[in-house]
Amino acid sequence: MLLCLIFMFGACTAALCQGRRLMAEADLCGLAGGKVGLGLEYGISEHWSAGGAVGFGFSRFIKDINPLESEHRHEFGDDTTIPIPADILREQIHVKYWPREMMKGPYATAGITHGSRSGTDFRIGAGYVMHIWKSLNLYVEYSIGLKDTISREAFPVRGLSAGICMTFGPLQ
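Remember, predicted model here, so these are calculated numbers, not experimental data.

Caption draft 1: Geometry of the overall build of the protein. Tallying secondary structure elements over the protein gives four helices and eight strands in all. By the burial criterion, 35% of the 172 residues in the protein qualify as buried. Looking at the protein alone, contacts between residues at least 24 apart form 55% of all its contacts between residues at least 6 apart. A total accessible area of about 10,300 Å² is found for the protein, and carbon and sulfur atoms account for 68% of it.

Structure follows, in structure tokens:
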């Protein structure tokens, strides 16, 4: 995790010094799944960016749901429990290809992740960044790991992420 944080800090510093674009993102979809995810991304060329992300699975530390919430769930016939992510700590280093414009529109991604329980895995995916206001954007991404393609699940839900991101730096 320390290497990923050093890479993210270095990318932030380099972006500010070289006048390149930088994007900070927060995974809001992960909050529903019991994990917090933050990432930084740095534009390394006209159509390519490199970045890193760290995630922390907090639902393992929630002992039980609120008794009132449990009562309401049983009234409606819902016996679901709080989802538990596979990893307590997860880090990722990736590159993205932006066919239209840097940090706007569709992109393809490839990277390596390492989780505290799941180990190291190679991931590929695709996503889309939509502009909201000034430097604020929404993103949706789906990525799948090599280990997931070998397992029985065709497209696991845990590969979906969505959230907000902010871009900094010069416009292209």
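Caption draft 2: Region of the structure containing the packing of aromatic side chains. Applying the stated criterion across every chain, the model contains two aromatic pairs. On the numbers, 5.1 Å between centres and 55° between planes, the contact of Trp-48 with Tyr-97 is tilted. Separated by 49 residues along the polypeptide, Trp-48 in strand β3 (residues 48-57) and Tyr-97 in strand β4 (residues 89-97) bring together distant segments of the chain. Here Trp-48 falls in the partly exposed class, since its relative accessible area comes to 40%.

Caption draft 3: View of the environment of Gly-51. For Gly-51, the position within the fold is in strand β3. Separated by 44 residues in sequence, Gly-51 and Val-95 have C-alpha atoms that sit 6.3 Å apart.

Caption draft 4: Region of the structure containing the pairing of strand β7 (residues 136-145). Inspection of the sheet shows strand β6 (residues 119-133) paired to β7 by ten bridges, in the antiparallel sense. Bridging across to β7, Gly-127 finds its partner in Glu-141. Between β6 and β7, which pair antiparallel in sequence order, lie two residues; one of them, Lys-134, sits at a positive phi of approximately 50°. Pairing analysis gives seven bridges linking β7 to strand β8 (residues 160-168), with the strands arranged antiparallel. Residue pairing in the sheet places Tyr-139 in a bridge with Gly-163 of β8.

Caption draft 5: Representation of the sheet that holds strand β5 (residues 105-115). Spatial ordering of the closed barrel is given by β1-β2-β3-β4-β5-β6-β7-β8, a layout of eight strands whose pairing is antiparallel. The mean angle between the axes of side-by-side strands here comes to 25°, regardless of whether they run parallel or antiparallel.

Caption draft 6: How the structure looks around the pattern of salt bridges. Enumeration over the complete set of coordinates arrives at three salt bridges. When the shortest N-O distance is used, the salt bridge between Lys-96 and Glu-41 registers 3.0 Å. Taken together, the residues Lys-96 in strand β4 and Glu-41 in strand β2 (residues 35-43) connect sequence positions 55 residues apart. Like Lys-96, the residue Glu-41 is buried in the burial classification. Between Lys-104 and Glu-101 there is a salt bridge, with the nearest N and O atoms lying 3.7 Å from each other. Judged by relative accessible area, Lys-104 falls into the partly exposed class, the value being 31%. One salt-bridge network, held together by shared partners, links Glu-41, Lys-96 and Glu-141.

Caption draft 7: Inspection of a nonpolar patch on the surface at higher detail. On the surface, a cluster of nonpolar side chains totalling about 1,100 Å² of accessible area is made up of Leu-28, Leu-31, Val-36, Leu-38, Phe-56, Leu-89, Tyr-128, Met-130, Ile-132, Trp-133, Leu-138 and Ile-164. Sorting the residues of the nonpolar patch by element identifies β2 and β6 as the ones contributing at least two each. If one sorts the elements of the nonpolar patch by residue count, β6 sits on top with four residues. Following the sequence through the fold, Tyr-128 ends up in strand β6. Assessed through its relative accessible area of 41%, Tyr-128 is described here as partly exposed.

What counts, and where the lines are drawn
- Residues numbered from 1 in each chain as written.
- Predicted model: local features only at pLDDT ≥ 70, side-chain atom pairs only at ≥ 80, totals over all residues.
- Heavy atoms only, no water.
- Helix = DSSP H or I, 4+ residues; strand = E, 2+ residues; numbered from the N terminus.
- Buried < 20%, exposed > 50% of the residue type's maximum accessible area, 1.4 Å probe, protein only.
- Contact = heavy atoms within 4.5 Å.
- Areas by Shrake-Rupley, 256 points an atom, 1.4 Å probe, with all protein chains shown as cover.
- Phe/Tyr/Trp six-rings, centres within 6.5 Å; stacked < 30°, edge-to-face > 60°.
- Pairing = 2+ DSSP bridges.
- Axes fitted to C-alpha atoms, helices over the stretch in contact; angles between N-to-C directions.
- Salt bridge = Lys/Arg side-chain N within 4 Å of Asp/Glu carboxyl O.
- Patch = residues over 30% accessible without salt bridge, like charges linked within 9 Å, V, L, I, M, F, W, Y side chains within 5 Å.

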